[in-house]
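# Coordinates in review
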Amino acid sequence: MSKPIIVAVDETQLSSFKQTVDSLNSDLCMIKVGSVSFNAIGHEALRYVASKGFEIFLDLKLHDIPNTVKKSIEGLISLPIDMMTIHTSGGLEMMRAAKKAVENTDIKIFGVTALTSLSDEDTSTIFQRNASNQVKAMLDLAQEAQIDGVVCSPHELDLVLERKSLLSITPGIRLSESADDQSRVMTPKDAISKGADYIVIGRPITNAPNISEALQEIHNSIW
């Protein structure tokens, strides 16, 4: 696992998007392009990231009926992406349809188990169970669907490690305690120590006074 760090670049203007990408090092990280940048900038964002030598994690969290998800992915696979996301709560057949759509490519499908912004109170209201139990249920589905991995908070990594077939992408990474929109968080070093295959870091890097130095510091801290 040479590049476990995935930097989330969430910009709506191409100029600022390029500026952030140019401040990063493809030897130290991958780049996540989510709905913020993809919806605003489109395919050009992905092509620019690829032109700079980065592997790409396309995080659109697709969630629809199986045929729609399959066709949506088929419309994306010609783009220079390495990994992408769907919602595991879309169900077994939807996940299988997503996997079918990438069967002749090297693209890996990851299923979002429970958003890291959700607290136990939130998941109890939405799913009638706490976050840990929701993640367990979604992991069972992901494993049965034979997708490549899951997205989960660092606090549920031990549940993923029980399932050897699944890789893990872990958002909710913070350098210290923070009062923002993430509920289930952990430091980069702790998340890697707990077994995360990839960690997603956004604002602690992209909002830093020196983006390049912030990335290097985090990279150094986990080895």
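Quick note: structure is the one above.
Here the structure is a predicted model, which means the values were calculated and not measured. (Residues numbered from 1 in each chain as written. Predicted model: local features only at pLDDT ≥ 70, side-chain atom pairs only at ≥ 80, totals over all residues. Heavy atoms only, no water.)

### Overview of the sheet that holds strand S5 (residues 108-112)
- Reading around the barrel, the 8 strands line up as S1-S2-S3-S4-S5-S6-S7-S8 and close back on themselves, with parallel pairing between neighbours. Between one strand axis and the next, the sheet turns by 25 degrees as a mean value, whatever way the strands run.
- Pairing between strand S1 (residues 5-8) and strand S8 (residues 198-201): 3 bridges, direction parallel. Each residue of the ladder has a partner; that of Ile5, found in S8, is Ile199.
- The strands that helix H5 (residues 92-101) touches are strand S3 (56-62), strand S4 (83-87) and S5; relative to S4, the one it contacts most, it runs at about 160 degrees. (Pairing = 2+ DSSP bridges. Helix = DSSP H or I, 4+ residues; strand = E, 2+ residues; numbered from the N terminus. Axes fitted to C-alpha atoms, helices over the stretch in contact; angles between N-to-C directions. Contact = heavy atoms within 4.5 Å.)

### Observations regarding the side chain of Thr88
- Tracing the backbone shows Thr88 in the loop between S4 and H5.
- Given the relative accessible area of 0%, Thr88 is considered buried.
- In this structure the side chain of Thr88 is engaged in a polar contact, spanning 2.7 Å, whose partner is the backbone oxygen of Val112.
- Here Thr88 is in contact with Met95, Gly111, Val112, Thr113, Met138, Leu141 and Ala142, once residues within four sequence places are set aside. (Buried < 20%, exposed > 50% of the residue type's maximum accessible area, 1.4 Å probe, protein only. Polar contact = N/O pair within 3.5 Å; in protein donor to acceptor, adjacent residues only side chain to side chain.)

### Description of unusual backbone geometry
- Located in the positive-phi region is Gln128, a residue other than glycine, with phi close to 65 degrees.
- Relative to the elements of secondary structure, Gln128 occurs in the loop between helix H6 (120-127) and helix H7 (131-145).
- Judged by relative accessible area, Gln128 falls into the exposed class, the value being 65%.
- In this structure, Gln146 takes a positive phi of about 65 degrees despite not being glycine.
- Looking at where Gln146 falls in the secondary structure, it is placed in the loop between H7 and strand S6 (149-151).
- With relative accessibility at 61%, the residue Gln146 sits in the exposed group.

### What to know about the pairing of S8
- Residues Tyr198 and Val200 of S8 are buried on one face, and the alternating residues Ile199 and Ile201, pointing to the opposite face, are buried as well.
- Direction of pairing for strand S7 (residues 167-170) relative to S8: parallel, over a ladder of 2 bridges. Bridge assignment links Thr170 to a residue of S8, and that residue is Ile199.

### Focus: the environment of Val151
- Mapping Val151 onto the fold places it in strand S6.
- A sequence separation of 38 residues divides Val151 from Lys189, and the C-alpha atoms of the two residues are 18 Å apart.
- When sequence neighbours within four positions are dropped, the list of residues in contact with Val151 reads Thr85, Phe110, Gly111, Val112, Thr113, Ala114, Ile169 and Pro171.

### Topic: the packing of helix H1 (residues 14-22) against helix H3 (residues 43-51)
- H3 packs onto H1 with a crossing angle of 25 degrees between their chain directions and a minimal axis gap of 11 Å. In terms of their interaxial angle, H1 and H3 are classed as roughly parallel. Relative to H3, the crossing made by H1 is right-handed. Counted together, Leu14, Phe17, Lys18, Val21 and Asp22 of H1 and Glu44, Ala45, Tyr48 and Val49 of H3 form the full contact between these two elements.
- Split into classes, the residues belonging to the contact of H1 with H3 amount to 6 nonpolar, no polar and 3 charged. (Parallel < 35°, antiparallel > 145°, perpendicular 65-115°, else oblique. Left-handed = near helix turned anticlockwise from the far one by under 90°. Nonpolar A, V, L, I, M, F, W, Y, C, P; charged D, E, K, R; others polar.)

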